[in-house]
Amino acid sequence: MDSYFSWLMPEQEGPAKTLWMRVWQTQQDIEGMNLREGDNEADTNGQTIPVVVNGTVEINPNFGRSNKRSQIIDNRPSQRPSHRKFVTDFGGCPWRQDKYPYARGIIGLHEEIEHFYNYMNPTEAEHKVRAEVVSRIEEIIKSKWPEAQVEVFGSYRTGLYLPTSDIDLVVIGKWTNLPLRTLEQEFLERGVAQEDSIKVLDKASVPIVKLVDRKTEIKVDISFNMSNGVKSAELIKTYMEQFPVLPKLVYVLKQFLLERDLNEVFTGGISSYSLILMCISFLQLHPRQEGLRQNTANIGVLLIEFFELYGRKFNYINTGIRIRDGGKYINKEEMQKDMVDGHRPSMLCIEDPLQPSNDIGRSSYGILLVKKAFEYAYSILTNVVHPVSPLNDCTRQSILGRIVRVSDKVVQHRRRIEEGNRVAPPPNVLVGGAPAKPSRSSSTGSTSSAEESAGSSEGSDRLSRDHSPNMNYANRHHSSANRKGAWRSKSKFENHSRGGGNGHLQTYNRVPPTNGNQSTLTKRRK
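Positions within a chain are numbered from 1, following the residues in the order the chain's sequence is written. Since the coordinates come from a predicted model, pLDDT governs what is reported: local features require at least 70, and pairs of side-chain atoms require 80 or more to be given and counted, while whole-chain, interface and lining totals use all residues. With hydrogens and water set aside, each side-chain value is computed from the structure's full complement of heavy atoms.

1. Brief notes about the overall build of the protein
Okay, so step 1: Along its length, the protein carries 17 helices and 13 strands.
Okay, so step 2: A 1.4 Å probe rolled over the protein chains alone gives each residue an accessible area, and that area as a share of the maximum for its type sets the label: buried under 20%, exposed over 50%, partly exposed in between. Scored against the burial criterion, the 526 residues of the protein give a buried share of 52%.
Okay, so step 3: Contacts were defined at the residue level, with two residues in contact if any of their heavy atoms lie within 4.5 Å. Across the protein, the fraction of contacts at a sequence separation of at least 24, relative to all contacts at a separation of at least 6, is 69%.
Okay, so step 4: Accessible surface, the protein as shown: approximately 25500 Å² in total, 49% of it carbon and sulfur. We count a stretch as a helix when DSSP gives it H or I for four or more residues in a row; a strand needs E for two or more, and each element gets its number in order from the N terminus. Here the accessible surface of atoms and residues is derived via Shrake-Rupley with a 1.4 Å probe, and residues count as covered only by protein chains that are part of the display.

2. Here we look at the side chain of arginine 414
Okay, so step 1: Its location among the elements puts arginine 414 in helix α14 (residues 408–420).
Okay, so step 2: Here arginine 414 falls in the buried class, since its relative accessible area comes to 3%.
Okay, so step 3: Beyond its immediate chain neighbours, meaning those up to four positions away, arginine 414 contacts Tyr119, Met120, Asn121, Pro122, Thr123, Glu126 and Pro163.

3. Description of the pairing of strand β7 (residues 219–224)
Okay, so step 1: The buried fraction of β7 is high, at five of six residues.
Okay, so step 2: DSSP bridges decide pairing: two strands pair if at least two such bridges lie between them. As defined by bridge partners, strand β4 (residues 167–172) adjoins β7 across five bridges and the pair is classed as parallel. Residue leucine 169 lies in a different strand from β7, and its bridge partner there is isoleucine 222.
Okay, so step 3: Hairpin connection from strand β6 (residues 208–212) to β7: six residues lie between these consecutive antiparallel strands, with glutamate 217 at a positive phi of about 65 degrees.

4. Observations regarding the sheet that holds β4
Okay, so step 1: The sheet built from five strands is open, its strands ordered β3-β4-β7-β6-β5 with mixed pairing. Taken across any chain shown, the strands that pair with only one partner, and hence form the sheet edges, are β3 (149–153) and β5 (199–201). Across the sheet, the mean angle separating the axes of adjacent strands is 25 degrees when strand polarity is ignored.
Okay, so step 2: Where β5 lies against β6, three bridges are found, and the strand directions are antiparallel. Among the inter-strand pairings, valine 200 is bridged to a residue of β6, identified as valine 209.
Okay, so step 3: Contacting β3, β4, β6 and β7, helix α4 (residues 124–144) runs over the sheet at an angle of about 25 degrees to β4. Whenever a helix is involved, its axis is fitted only over the stretch in contact; in every case the axis is a line through C-alpha atoms, and angles between N-to-C directions fall within 0 to 180 degrees.

5. Some thoughts on the packing of helix α9 (residues 272–284) against helix α11 (residues 299–313)
Okay, so step 1: Between α9 and α11, the least distance of the axes is 11 Å, while the angle of their chain directions is 105 degrees. The angle between α9 and α11 places the two elements in the roughly perpendicular class. Residues Leu275, Met278, Cys279, Ser281 and Phe282 of α9 pack against Leu302, Glu305, Phe306, Leu309 and Tyr310 of α11.
Okay, so step 2: The nonpolar class holds Ala, Val, Leu, Ile, Met, Phe, Trp, Tyr, Cys and Pro. Asp, Glu, Lys and Arg form the charged class, and all remaining residues, Gly among them, are polar. Classifying every residue of the contact of α9 with α11 gives eight nonpolar, one polar and one charged. Throughout this description, any angle smaller than 35 degrees is read as roughly parallel, any larger than 145 degrees as roughly antiparallel, any in the 65 to 115 degree range as roughly perpendicular, and the remainder as oblique.

6. Quick notes on a nonpolar patch on the surface
Okay, so step 1: Judged by side-chain polarity, Ile317, Met347 and Leu368 come together as a nonpolar surface patch covering roughly 270 Å² of accessible area.
Okay, so step 2: Secondary-structure assignment places leucine 368 in helix α13 (residues 367–385). Surface patches are defined over residues having more than 30% relative accessible area and no salt bridge, joining like charges when they lie within 9 Å and nonpolar side chains (Val, Leu, Ile, Met, Phe, Trp, Tyr) when within 5 Å. Any carboxyl oxygen of Asp or Glu that lies within 4 Å of a side-chain nitrogen of Lys or Arg is treated as forming a salt bridge with it.

7. Observations regarding the packing of helix α7 (residues 228–242) against α9
Okay, so step 1: The geometry of α7 relative to α9 is characterised by a closest axis approach of 11 Å and an angle of 30 degrees between their N-to-C directions. Relative to α9, α7 is oriented roughly parallel. For the crossing formed where α7 meets α9, the hand is left-handed. When α7 is examined against α9, the residues Ser232, Ile236 and Tyr239 are found in contact with a partner set consisting of Tyr273, Ile276, Ile280 and Gln284. Should the near helix be turned anticlockwise from the far one by less than a right angle, the crossing is left-handed, and should it be turned clockwise, the crossing is right-handed.

What follows is the structure in structure tokens.
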């Protein structure tokens, strides 16, 4: 079991696991003792040193090795122990609804993804808190540079943000030199950020100022004069309207990578933008377009097919991804002709839809690790959802929870936000000259300039998730009575369960639910 990707499954509980845990813990204690001994001794650069044992002088050959071991451990980006413990207050699966009659196998996985999406969607209170953070920072920036424009881009603008996601801002103005240090000093004087949280990355390819809001602990990244970020967010919104299943797929995949520290380029993962473009390409080239565009496809099947494509089948060596003009796969040699400054296509080569000469995935040096994680998830899910698998009962055990978990800290953080904003209704916060309208999953917070507010704000509302066919939260779930006959299976899985032969995943079509009786913010309590 690779500790980068997995945790212990429910069926692995038992005496063998208990014994293994004791052995593992003992080994960790021994290594901890060696590290502490190494800290107390002088650095010998791996050389052996004499020690006194029972009155005699002996050579300790392991001292240098333990020092090297500690250096290796310290240089790792993060520790991912393979014995991850998720026996928590909320079981790691707070999206699951009590007493909901989940179906078996692939249909149960689809239902879980629907509930996961509903649960992870930003609430009105969460959106209000983020809008207030943007408003405070915008006020500071405009007090210093009145002519500057503050724009929101990234996941906050598209509405595809997780509870732990940061806020991306861009400041557009006229400066000879970017005022990174000036802005840092202004934040320090105003006390808007947590102590020692402000970082200026002036040597990066895109210089930014990073900070953590003192009041809400939300991370904020501020860049300058990067207008493509705003255009990219608007482009993603158009694809969200074209493919209603896109947000649900993205939410699961973002949480999947987040749990494995593969959601940031600098930790060996891929960026959120790269992930979304991979999802768009997957949906564009999918052979069954009708279900994708009418929101009748089984999302569990789509998730497994996504993992299969990018975990097993995609040729990362020779193939690049293009989503413009309907999307297609292109040869990297062809892409290199359009690149400037002698750049070569990277392992994960994704053509920038707004600037074709730019390779979005060029910094994703750990894409093979992401590929391995996708392959692991594909193997886990295909084995569990198989009709003859004894583990496909989604009512007893979560199928989605085998690859995705939500920590107690996230659940408790969301509850604190809800409790702190329960009484007062969300105000109309002026952001960038356009009034924001906080809603459960509004993509407002777009700080459009005064010149754009007349046209782009209307377009933003039209393309927001509030107006997508998935936004009627009261109608998302169906009761056990309505679920009878609601699914029309076109999969060989169903044929197999009825006595047919072995099969492969195909699309399930379903009739959209007509009524429901479950609250989307139900929290699982124990």
